[in-house]
Amino acid sequence: DTGVSQDPRHKITKRGQNVTFRCDPISEHNRLYWYRQTLGQGPEFLTYFQNEAQLEKSRLLSDRFSAERPKGSFSTLEIQRTEQGDSAMYLCASSLPPGKDWIFGPGTRLTVL
Amino acid sequence: GENVEQHPSTLSVQEGDSAVIKCTYSDSASNYFPWYKQELGKRPQLIIDIRSNVGEKKDQRIAVTLNKTAKHFSLHITETQPEDSAVYFCAASSTGNQFYFGTGTSLTVIP
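Everything numeric here is computed off the predicted structure, so don't read it as measured data.

Before going further, it helps to spend a moment on the interface of chain A and chain B. The extent of an interface is frequently quoted as the accessible surface area lost upon association of the parts. The partner chain B presents 13 residues to the 19 residues of chain A that form the contact. Here chain A and chain B share an interface that buries about 1,500 Å² over both sides, 49% of which is from carbon and sulfur atoms. Here chain A and chain B share four residue pairs in polar contact (both at pLDDT 80 or more) between them. Elements with a contribution of two residues or more to the side of chain A that touches chain B: β4 (31–37), β5 (44–50) and β10 (100–104) of chain A. Examining the composition of the side of chain A that touches chain B, we find that four residues originate from one element, β4(A), more than from any other.

In C-alpha cells, the structure reads:
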C-alpha cells in the first residue's frame, strides 16, 4: 500500500444517528492514531493504538465515541447519537514506534445536520 | 497537559520574501517538534521536524529553529513561492504519540 486510507471520505448524517469510520494504516506501522480537526483549528488527539491495544484516550473521547482495532490492522471509530458539535474532520494516522514516520490519512469529513 | 501557541494566525508575503512562523510550548518534557503543511481540503503533511537535542535543522528553503530554554521554535521559509500558500501547523510531543498542535498560520504568497 502507498499510504493511510480512510473510508468514507465524507459523511452527512442527521443528529442522533450512529456513524462508523474506518482507517487502514500503512501495513508495517503498528501504531495507529485518531485525531479530530474542526474548522480553523489544529488536529486534536482522540486516541491511539499499539497493535490491537488502545493505550491512550483523550478526555475529548466521550462515552459516545468508541474506537477499536481488533486485529491490529485496520481501526474503526464509532460515534453514537451524533450531535452537531461532532461535525469535524476525523483524521487517522499511523507510525512506527516511537512515533517514527508519522503519516496522516486523508480524513473523513463528518457533517451532522 | 501541553499548550502550544502559534503566531501569527495569518501571514501575507510577496513572492521571493521570507516567512517566519513562531510557536511556543509549555511542557518542558516535549522533545519532538514537527511542522505540517495543510492545503485546503487535504491532509496535513509533514514538512520538517526537529528533536530537542538539535537547535536548528534545514531542508532546502525550509528551516526550523528550537530554543529549549525559552520553549519556542520557529519555521523559516525563504524565497517563498505561490505554491507555499497553505495553512501551517506546529506541534509538540513528549511521547511521539500524542501531539499537541498549534492553531495554524494561513500563509499567502502574493505573486
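On we go from here.
This part is about the pairing of strand β3 (residues 19–25) of chain B. Residues and elements named next belong to chain B. Only one face of β3 is covered, namely the face carrying A19, I21, C23 and Y25; the face carrying V20, K22 and T24 is uncovered. The pairing of strand β1 (residues 4–7) with β3 spans four bridges and is antiparallel. Across the sheet, Q6 pairs through a bridge with C23, a residue of β3. In terms of strand pairing, β3 meets strand β8 (residues 72–77) through six bridges, oriented antiparallel.

So, about unusual backbone geometry. All names here are of chain A. With an omega of -5°, the peptide bond between D7 and P8 qualifies as cis. Even without a glycine there, the phi angle at N51 is positive, about 55°. Of note, N51 is situated in the loop between β5 and β6 (53–57).

Let us now look at the state of the cysteines. A full pass over the atoms with the stated rule returns two disulfides over all chains. Here A:C23 is linked by a disulfide to A:C92, with a sulfur-sulfur distance of 1.8 Å. Of note, the bridge from A:C23 to A:C92 carries an S-S torsion of about -65° and is left-handed in sense. In this pair, A:C23 is assigned in strand β3 (residues 19–24) and A:C92 in strand β9 (residues 88–96), connecting sequence segments 69 residues apart. When sorted by exposure, A:C23 lands in the same class as A:C92, which is buried. Here B:C23 engages in a disulfide with B:C90; their sulfurs sit 1.9 Å apart. Its S-S torsion of about -100° marks the bond between B:C23 and B:C90 as left-handed, since a negative value means left-handed. With B:C23 in strand β3 and B:C90 in strand β9 (residues 86–92), the pair connects residues that are 67 residues apart, well separated along the chain. The same class applies to B:C23 and to B:C90, which are both buried.

This paragraph deals with the packing of aromatic side chains. Residue and element names in this part refer to chain A. Scanning the model with the defined rule gives 18 aromatic pairs over all chains in all. Relative to Y90, the ring of F21 lies with its centre 5.4 Å away and its plane at 45°, an arrangement referred to as tilted. Taken as a pair, F21 in strand β3 and Y90 in strand β9 lie far apart in primary sequence, 69 residues in all. Owing to a relative accessible area of 1%, F21 belongs among the buried residues under this scheme.

The strands making up a sheet associate through backbone hydrogen bonding, with each pair oriented either parallel or antiparallel. Residues and elements named next belong to chain B. Pairing is antiparallel in the open sheet, where five strands are placed in the order β1-β3-β8-β7-β6. Edge positions in the sheet fall to β1 and β6 (56–59), since each of these pairs with one other strand and no more. Looking at each pair of strands side by side, their axes are set apart by 15° on average, direction ignored.

Let's shift gears to the pattern of salt bridges. All names here are of chain A. Within this structure, the stated rule accounts for seven salt bridges over all chains. R64 is the salt-bridge partner of E83, the closest N and O atoms lying 3.4 Å from each other. On the criterion of sequence distance, the pair formed by E83 in the loop between β8 (75–79) and β9 and R64 in the loop between β6 and β7 (65–68) is long-range, its members being 19 residues apart. For R64, a relative accessible area of 9% corresponds to the buried category.

Residues and elements named next belong to chain A. Here we have four strands laid out as an open sheet, ordered β1-β3-β8-β7, and antiparallel in their pairing. The open sheet has two free edges, formed respectively by β1 (5–7) and β7, since each of these has just one partner strand. Along the sheet, successive strands turn relative to each other by an average axial angle of 15°, direction set aside. Of the strand pairs in this sheet, β7 and β8 are connected by four bridges, and their pairing is antiparallel. Note on β8: the bridge partner recorded for S66 is E78.

Conventions adopted
- Residues numbered from 1 in each chain as written.
- Chains lettered and ligands numbered in written order.
- Predicted model: local features only at pLDDT ≥ 70, side-chain atom pairs only at ≥ 80, totals over all residues.
- Heavy atoms only, no water.
- Contact = heavy atoms within 4.5 Å.
- Buried area = accessible area lost by both parts, 1.4 Å probe.
- Polar contact = N/O pair within 3.5 Å; in protein donor to acceptor, adjacent residues only side chain to side chain.
- Helix = DSSP H or I, 4+ residues; strand = E, 2+ residues; numbered from the N terminus.
- Buried < 20%, exposed > 50% of the residue type's maximum accessible area, 1.4 Å probe, protein only.
- Pairing = 2+ DSSP bridges.
- Disulfide = S-S within 2.5 Å.
- Phe/Tyr/Trp six-rings, centres within 6.5 Å; stacked < 30°, edge-to-face > 60°.
- Axes fitted to C-alpha atoms, helices over the stretch in contact; angles between N-to-C directions.
- Salt bridge = Lys/Arg side-chain N within 4 Å of Asp/Glu carboxyl O.

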